[in-house]
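# Remarks on the overall topology
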Amino acid sequence: LPSAFSRASRDEGLQWLETHPPNMCAQSTELRRKAAKVLWDEVLAAAADALNAAAAGYHRATEKLRRIETVEDALLLSTHRVIVGTTAGAMKMLPSLRKAGVRIIMVEEVGEVPEAHVVACITKHVQQLILIGDDRQLEPKLTDLRMERKGLGCSLMARVAALGVPHATLTVQRRMHPSISNFVKNYYRRVENVGIEDHPSTLNRK
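Presented here is a report on the structure given in the accompanying data block. Model, not experiment: these values are computed from the prediction.

## Concerning the overall build of the protein
Helix and strand counts for the protein stand at 8 helices and 4 strands. Scanning the protein from its N terminus toward the C terminus, one meets helices and strands in the order α-α-α-α-β-α-β-α-α-β-α-β. Each of the 206 residues in the protein was classed as buried or not, and the buried ones make up 21%. Within the protein, residue pairs in contact and separated by at least 24 positions form 62% of the contacts whose partners lie at least 6 positions apart. In the structure as shown, the protein presents an accessible area of about 15400 Å², 58% of it carried by carbon and sulfur atoms.

Written out as structure tokens, the structure is:
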């Protein structure tokens, strides 16, 4: 082996080894180590290239599968007049909802839903957004206090109500027995200046 081999680059050393197969046993320990390193680096480089190619193929296949599933889900959703789900589920299926052309969104208990969750579900096809809930009761639950400090702990209903957007308050309750609803009615009458009435169907409940 030439003395310059120990200072050669990986490609130069590999090219020399391919064109001048040496008798490795007759070489010095230093040059044998250099030759082994050159060959081992070549093996690692070939393995890395194969791994990168396999990863790129996997990503292309998963992206193609995701597009196919998006189209299939959109076709299925478009056959139904009513689609029920959570805001988290809607965000996961947002591409399918876009393709399905959902025009009306109704959100129940929206006072407890973070504003961003509702806004993220609004696509360009949405013509009407119906918010149902109570912005004066439970607030959205956030696991990251940084979001709370940045003002993201507000619900969309509380936001639009604070901006003076017209909204309706239900004044007839149908859930509780009058003996229980009295606590709620007293609160709304004293704090919110809203009179709550019991529906006749609640009078005979046990």
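## Details of the pattern of salt bridges
Summed over all chains, the structure comprises 6 salt bridges. One salt bridge connects Glu63 with Arg66, and the closest N-O pair in it is separated by 2.5 Å. Taken together, the residues span about one helical turn, with Glu63 and Arg66 both in helix α2 (residues 29–77) at a distance of 3 residues. According to the relative accessible area criterion, Arg66 is partly exposed, its value standing at 39%. A salt bridge links Lys185 to Asp198; the nearest nitrogen and oxygen atoms lie 2.7 Å apart. Note that Lys185 is positioned in helix α8 (residues 178–192) and Asp198 in strand β4 (residues 197–198), a separation of 13 residues in sequence. Look at the salt bridges and you will find they share partners, linking Glu63, Arg66 and Arg67 into a network.

## Structural notes on the nonpolar core
In terms of nonpolar packing, the biggest core is built from 12 residues, these being Leu77, Ala90, Leu97, Ile105, Val107, Val110, Val113, Val118, Cys121, Val126, Leu156 and Met157. Those elements giving two or more residues to this core turn out to be β1 (104–107) and α7 (156–162). Ignoring sequence-local partners within four residues, the contact set of Val113 consists of Thr87, Val118, Pro140, Ser155 and Leu156.

## Quick word on α8
Turning to α8, its buried residues number three or more, namely Pro178, Ser181, Lys185, Tyr188 and Glu192. Just past α8, the residue Asn193 takes up positive phi, approximately 60°.

## Brief notes about the packing of aromatic side chains
The full count for this structure, using the stated rule, is 1 aromatic pair. Their ring planes at 85° and their centres at 5.5 Å tell us that Tyr187 and Tyr188 sit as a pair that is edge-to-face.

## Section: the pairing of strand β2 (residues 128–131)
Across 4 bridges, the pairing between β1 and β2 is parallel. Across the sheet, Val107 pairs through a bridge with Leu131, a residue of β2. A crossover links β1 with its parallel partner β2, the connecting element being helix α5 (residues 115–120), and its sense is right-handed.

Scoring rules and cut-offs
Residues numbered from 1 in each chain as written. Predicted model: local features only at pLDDT ≥ 70, side-chain atom pairs only at ≥ 80, totals over all residues. Heavy atoms only, no water. Helix = DSSP H or I, 4+ residues; strand = E, 2+ residues; numbered from the N terminus. Buried < 20%, exposed > 50% of the residue type's maximum accessible area, 1.4 Å probe, protein only. Contact = heavy atoms within 4.5 Å. Areas by Shrake-Rupley, 256 points an atom, 1.4 Å probe, with all protein chains shown as cover. Salt bridge = Lys/Arg side-chain N within 4 Å of Asp/Glu carboxyl O. Core = buried A, V, L, I, M, F, W, Y, C linked by side-chain atoms within 4.5 Å. Phe/Tyr/Trp six-rings, centres within 6.5 Å; stacked < 30°, edge-to-face > 60°. Pairing = 2+ DSSP bridges. Right-handed = clockwise from strand over helix to strand, strands pointing away.

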